[in-house]
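Residue-level listing of the chains:
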Amino acid sequence: MDTFDSLALDNQLCFPLYAASKELTRRYKPFLDPLGLTYTQYVAMMALWEQDGVAVKDLGKRLYLDSATLTPLLKRLESHGYVLRQRSKEDERSVLIYLTDEGRALREKALEVPRCIGGCVRMNRDDALQLKTLLEQLLRSMDSND
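One structure accompanies this document, and this report is about it.

Applying the stated criterion to the full structure yields four aromatic pairs. Pairing Phe 15 with Tyr 18 gives two aromatic rings, centres 6.2 Å apart and planes at 40°, and the pair type is tilted. In this pair, Phe 15 and Tyr 18 both sit in helix H1 (residues 14-32), three residues apart, roughly one turn of the helix. Taken together through their ring pairs, the aromatic side chains of Tyr 28, Tyr 39 and Tyr 42 make up a single cluster.

To continue, consider the sheet that holds strand E1 (residues 54-55). The antiparallel open sheet is built from three strands, whose spatial order is E1-E3-E2. In this open sheet, the two edge strands, each paired with only one partner strand, are E1 and strand E2 (83-87). The pairing of E2 with strand E3 (residues 95-99) spans five bridges and is antiparallel. The partner of Arg 85 across the bridge, within E3, is Ile 97.

Taken together, the buried positions of helix H3 (residues 56-63) are occupied by Val 56, Leu 59, Gly 60 and Leu 63. The buried residues of H3 occupy one face: seen down the axis, they fall within an arc of 100°. Structural note: H3 exposes Lys 57 and Lys 61 on the side pointing more than 90 degrees away from its buried face. Buried positions along H3 lie against helix H2 (39-50), E1, helix H4 (67-79) and E3. Tyr 64 sits one or two positions beyond H3 and adopts a positive phi of about 60°.

What counts and how
Residues numbered from 1 in each chain as written. Predicted model: local features only at pLDDT ≥ 70, side-chain atom pairs only at ≥ 80, totals over all residues. Heavy atoms only, no water. Phe/Tyr/Trp six-rings, centres within 6.5 Å; stacked < 30°, edge-to-face > 60°. Helix = DSSP H or I, 4+ residues; strand = E, 2+ residues; numbered from the N terminus. Pairing = 2+ DSSP bridges. Buried < 20%, exposed > 50% of the residue type's maximum accessible area, 1.4 Å probe, protein only. Arc of directions from axis to C-beta. Contact = heavy atoms within 4.5 Å.

This is a description of form; function is not addressed.
Okay, here's the thing in structure tokens:
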């Protein structure tokens, strides 16, 4: 008789991923509150600091966010004065996101966040990099199935 219980919580891949993600995201809060950002706004800003003037559609794909989540997030960032949303001159259907001077300046204020989070995660660097690599591999494998 097979003793493996496929419905046992301890046998799931999804649960430790969910719990770790929730806990790690929660740890960001005290570092992001002074910046006036939620975690999701923070990752959107990181993507924009890497590539300014990106299409909303491409930003959503990069962040694994649908438009129902991304649109209000971008409106909030715009209301804070961090980004501008503009229709593309080449394609009126496309909306591009641009950082404002304030949005670019916010990057300097956020530079300490990764170091602070590193202090909250008690993993050695090699293990953390291996975990990141495995998670990226998992995401790629799920992307290829869509």
